[in-house]
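Commentary on secondary and tertiary structure
Chain residues, written in single-letter form:
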Amino acid sequence: MTKVNVRNILIHIICMYSMLHIENVSTSCQSHQQGKIKELPLLGAEVLQVHAPPFVTKESVSSETHGHTPAFSRVQRRRSFIKKKKERAGIANGETAKGSDGGGGTTTEDISVPKDLDLIALPQLCFPGGLQIASEQREDSYHYLVFTDVFGNRTHAVVVQYYRPIQVRRIISVVGGLCCSSVLSQVFNLRPLQIGLPSREDKDRPAVDLDLHLPFLCFRPRQLLQIITSLLIEQRVVLLSCDWARLTLLAESLMLFIHPLVWQHPFVPILSRQMLDFLMAPTAYLMGCHLHHYEEVAAETDDLILVNIDDGTVSSSWSDGIDLPDVPLAAAECFITRVEGLQVHYDLEVCHLGDSTEVNARRAQRKQWQSKLNTHIQNITLELIVNIFREVHDHLNYEHRVFNSEEFLRSREPADQPFYKKVLDTHIFHSFLRDRLTRKMDAFTRMELSTRTEAYRLRSMTESPRRPTMQELARKYTSPESRLSKRLGASLPNLGESGGSLSPQRPVRFFKLPEFPPPLAYHYVQNYYQEMITLLGKAISGAASGDSSLLARYHYLRGFVNTVAGKRLDALEDFQNLYKTDTDIFPGELVNALVDSLQEGEQALADRRPEIKHLISRVKRDHERERARHVDEGVKRFQLPKKHMQLEDFVRHVQESGIVKDQGTIHRLFEALTVGQQKQVDPETFRVFYTFWKETEAEAQEVALPASALEHLEANECVFKLSSSVKTSHGVGKIAMTQRRLFLLTEGRPGYMEVTKFRDIEDVKISSAPFLLLRIPSLKIKTTLRKETFEVNLKSEVDLWHLMVKEMWAGRKMADNHKDPQYMQQALTNALLMDAVVGCLQSQKAIFAATKLAHFDRMKLEVPLMVPKSTSETLKHKINPSLGLTSPQAVDVLLYTPGQLGVSSDSEGDGNPKLWCALSDGKVVVFDAASWSMQQNQVQVGTSRVNCMLGVDRQQVWIGSQDSVIYIISTRSMSCNKQLTDHRSEVTGLPKVAYSCSAEGAVIVWDVSTLQVRKQFQVSCDRLQSVQLCNGTLWCCKYTDCIMEVWKNGMLHRKISLPEEQLWTACIDVGELCVWHLREPTKPFQRIQLPDCAGVTCLIKVKNQIWVGGRGWSSGKSRGKIYVVDAQRHTVEKELVAHTDCVQALCSAEDRYVLSGAAREDGKIAIWKVE
């Protein structure tokens, strides 16, 4: 859905001439017929009349006593420019304007006059080649206009030119001259209109009513790439053609081709001959003019890109060739391949089909073909934009809204850098960056996510610094053809001929508008609106309850008609329904305007309608929140600091640089750089540190490994550190470090020798070997796989390598024992920061400073690396949902949704099971539960804490929030476009499908298919914490100390005061469980004591076990603990410790695994095996 200016205006433009002009026209026509002149003269034209519905105001109706006049009669009020000219002349001469009744009075402007259109210049655009006289009848012709205001809003118009005989004398005889008139109108005609209601697509993509294949008929793919490049680098582009209609059609198609990037500069597809001076504008623009002005335009103006539509050529006005940077090679080749597979000739496409004699059937067939082709073309051009800017997000800092352009350029292929250097400085790219930094879920983001390779997904799961993998190095040193782009080429999707994961074509529905009333008067227009509202009401009643996308379009359209009909409350009710059907098309600005325009009586009526009252309060609250927020949405480029930095400023600059995001790591880096001095970092130290870090990255890009080394290393391994040539116990060579191992690159005859994997290290120490009168320090590494110790003489680097290897060894041990690969990635970052600190300080204190970063090596001494046996045997894996954030986030709620068999690969989404993780402030992260890779970085559901989640029909996830809203996410599209707003307090529970509860005691039963409230009742309590449906009875848990049993009709059956067959309960501040016997309520409950437990926060049943999460004590420290209780014997079977903070969430994955999420200090998810 896009916001459009809905204005139906009808403008008559005629040629105006005096008696003298008539004689001149008559003489010219006779001379032309006699062959004395070749061309007939051009005439002047101006606007005669303007009509806009409803054409009369409501007040004017009361003054009429004889009914309504026809729409175009001379009695009806309209704007007459002939009369206005005379009145202005009379007033200028001191005359007083008289009313039609001869009495005195003042003239009034008619409300139908559009104030934002220049009606004086309009005839020039309707007749861009001039108003011509023809000696013979010509075919009617159309062309299209686009008016853009200062805010970038566009109004579109259609011009039809048709020829009619004119009378050049006041006598009856008619001379053979013809004059053309013009009508500028949106199509409200004599026949019923059809308005398309497409299924849900990108709300920011404009509706397409163009033949998008026309540019491919005019230009070859490489020429189209040149035109797109000239737009992306914001050149001055001029389109030229002999056909006025082609100019606008091609210009509008180009705007769609660069979507979601938005053209930020003047957009004038048609310039009349009087407007050619516009081409002298110094700014970038896209304009169009007639082809016979080509030589004039090329000679008078420099630095133009001239696009000849008729010849299919692209040239420049300053040289014979065209000096434009090439589109990145891999993206260009992919685009050309896709375009060559297009079938853009309709007759060839349908030649095997039978020819229908039904005109409407043929039209429908042609329209269906065009719609399918348009969808394919939009996917191809969107894929081009995605392939060009795919890796931009790798160089963004979302917290500080910074784009590291230098690092992005450095990571591009040398041949592609000229293109990116020009694009990065444009307004169009700056606007694109703003959308990326706000994590906008548009067509670009959806395609970028859906076309990521699994290797890229896994690589994005780590926070280790970027280095080329062995797979990329192998590609680099094989053949030129295979290294088109070591990053982009590896990530291009194999979409195949069918389009693969590209967006499928959406079905289109049609709604027929009623006949437009011939007398365009107030009552008739109001009746027309009412008839349209009635028809839309019938369409809503007849639509399938599950087709929420279609219902949303109906409600949107009816709300809009109610708005123009003056029925504000009915309009608000329709827009309120968008929350349950599709919030993406909710017209926020229009609803704000409606709320502000409510009269006192309407406000009183709104207070009596709960849905509208809630909508109004919510709109006002959101509006005030937006006004108070004042978020700077600008984009900053990374710059080195220019003054001394305290800790807070240092953290910000390091995060902006992209080196590391974790605040704890940056704090340790600050301590390292300020050892022995005042606690602030000077700009020069930061500059040297940053430069050393980037130089190390650049050196890693140029690492040359022999084929023997590539064979022994895994595909995703990267070389992070390479020593100078040193002497070892196995010969001379260089020591290389990856995230998994150390190995030796022997010199002389290049070879590979593995030193050790980090997990196999037994001891690392520094020793000194005698050499002449000196003792040379060396590093000795003892492993469990070899008897002999590996010794290497690293000279001055020995202390640094000693620290790095010990940190990597400790990180690997932590990762293996805790089943958490993130420990290894953090250890690697620490080791590389040690290297940069030593290279930066270059002093005696450098090694001591580097020890501040030995985080895991120090942890190894402070806490035991081994975990309890029961924990180690049950724990399967750990994942970090806060990856990429500056600090860990609390895991508030977890939800597992099973996979869907039979889901095709080209469907939207996939059939794999998913893990949904709710973090603080309404952030939801989604993991693929088959590989535990992050599938969706973040889905935003409001800004408040999430309290509960529930999977519904395997197609939706319902999320209850503290802001009293239930958000609904589609499991296919991973977008949140529906909301349930019937609760008036925070949603605290979603126990089963169709049930929800909120804190003030409201319980709502929903109809899942229609999202309507089936039943609602109130439970009397201070705070309703959760509800559970069991054996037909709803059990309600208060926040304090009681449980209430409620019948399905909402009546309270009984209240049980504190402390299938059983009901298990627990308290947040007591380390025990209570088991209630439902069939024998009088029987005392049983208490189960949990050892070393300080409180319970969550519990679930899995098979015959009760898994209990909370906090307790382990090794004298407060830890997050999980207790596994036998449901039959009521005994604690296991006591699991894997979180450093309280366990806040538990969920079961098909009774095979249990997943636990911890509070903010830990912020990780543990995956446990169920026995």
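As a reminder, the structure under discussion sits directly above these lines.
Residues numbered from 1 in each chain as written. Predicted model: local features only at pLDDT ≥ 70, side-chain atom pairs only at ≥ 80, totals over all residues. Heavy atoms only, no water.

A word on the pairing of strand β36 (residues 995–998). Alternating positions in β36 separate into two faces, Tyr-995 and Cys-997 on one and Ser-996 and Ser-998 on the other, with burial throughout. The pairing of strand β35 (residues 987–989) with β36 spans two bridges and is antiparallel. Paired with Val-987 across the bridge in β36 is Ser-998. The antiparallel pairing of β36 with strand β37 (residues 1002–1007) creates a hairpin that spans three residues between the two strands, and Gly-1001 there sits at a positive phi of about 105°. (Buried < 20%, exposed > 50% of the residue type's maximum accessible area, 1.4 Å probe, protein only. Helix = DSSP H or I, 4+ residues; strand = E, 2+ residues; numbered from the N terminus. Pairing = 2+ DSSP bridges.)

Next up on the list: the pattern of salt bridges. For the structure shown, the criterion picks out 39 salt bridges. With its nearest N and O atoms 3.9 Å apart, the salt bridge here joins Asp-435 to Lys-440. For Lys-440, a relative accessible area of 27% corresponds to the partly exposed category. Among the charged side chains, a network of salt bridges with common partners joins Glu-407, Arg-410, Lys-694 and Glu-697. (Salt bridge = Lys/Arg side-chain N within 4 Å of Asp/Glu carboxyl O.)

So, about helix α28 (residues 683–701). Taking 1.5 Å of rise per residue, the 19 residues of α28 would be expected to cover 27 Å, and the 27 Å separating its terminal C-alpha atoms lies within 8% of that figure. Inspection of α28 places Pro-683, Thr-685, Phe-686, Phe-689, Tyr-690, Trp-693, Lys-694, Thr-696, Glu-697, Ala-700 and Gln-701 among the buried residues, and these make up the whole buried set. The N-cap of α28, judged by a side-chain oxygen 3.2 Å from the amide nitrogen of Glu-684 a few residues on, is Asp-682. (Expected span 1.5 Å × (residues − 1). Polar contact = N/O pair within 3.5 Å; in protein donor to acceptor, adjacent residues only side chain to side chain.)

Each aromatic ring pair is specified by the distance between its two centres and by the angle formed by the two planes. Tallying each qualifying case throughout the model produces 19 aromatic pairs. For the pair Tyr-528 and Tyr-529, a centre-to-centre distance of 6.3 Å together with 55° between the ring planes defines the contact as tilted. Judged by relative accessible area, Tyr-528 falls into the buried class, the value being 7%. Measuring from centroid to centroid gives 5.2 Å for Phe-638 and Tyr-690, while their planes differ by 45°, and the two rings are tilted. Of this pair, Phe-638 sits in the loop between β17 (636–637) and α26 (647–657) while Tyr-690 sits in helix α28; the two residues are 52 residues apart in sequence, bridging distant segments of the chain. Here the aromatic residues Phe-389, Phe-403, Phe-408, Phe-419, Tyr-420, Phe-429, Phe-432 and Phe-444 are joined through ring pairs into a cluster of three or more. Over the ring of Tyr-420 we find Arg-412, and its NZ or CZ is 5.9 Å from the ring centre. Lying over the aromatic face of Tyr-398, Arg-439 brings its terminal NZ or CZ to 3.9 Å of the ring centre. (Phe/Tyr/Trp six-rings, centres within 6.5 Å; stacked < 30°, edge-to-face > 60°. Lys NZ or Arg CZ within 6 Å of the ring centre and 35° of its normal.)

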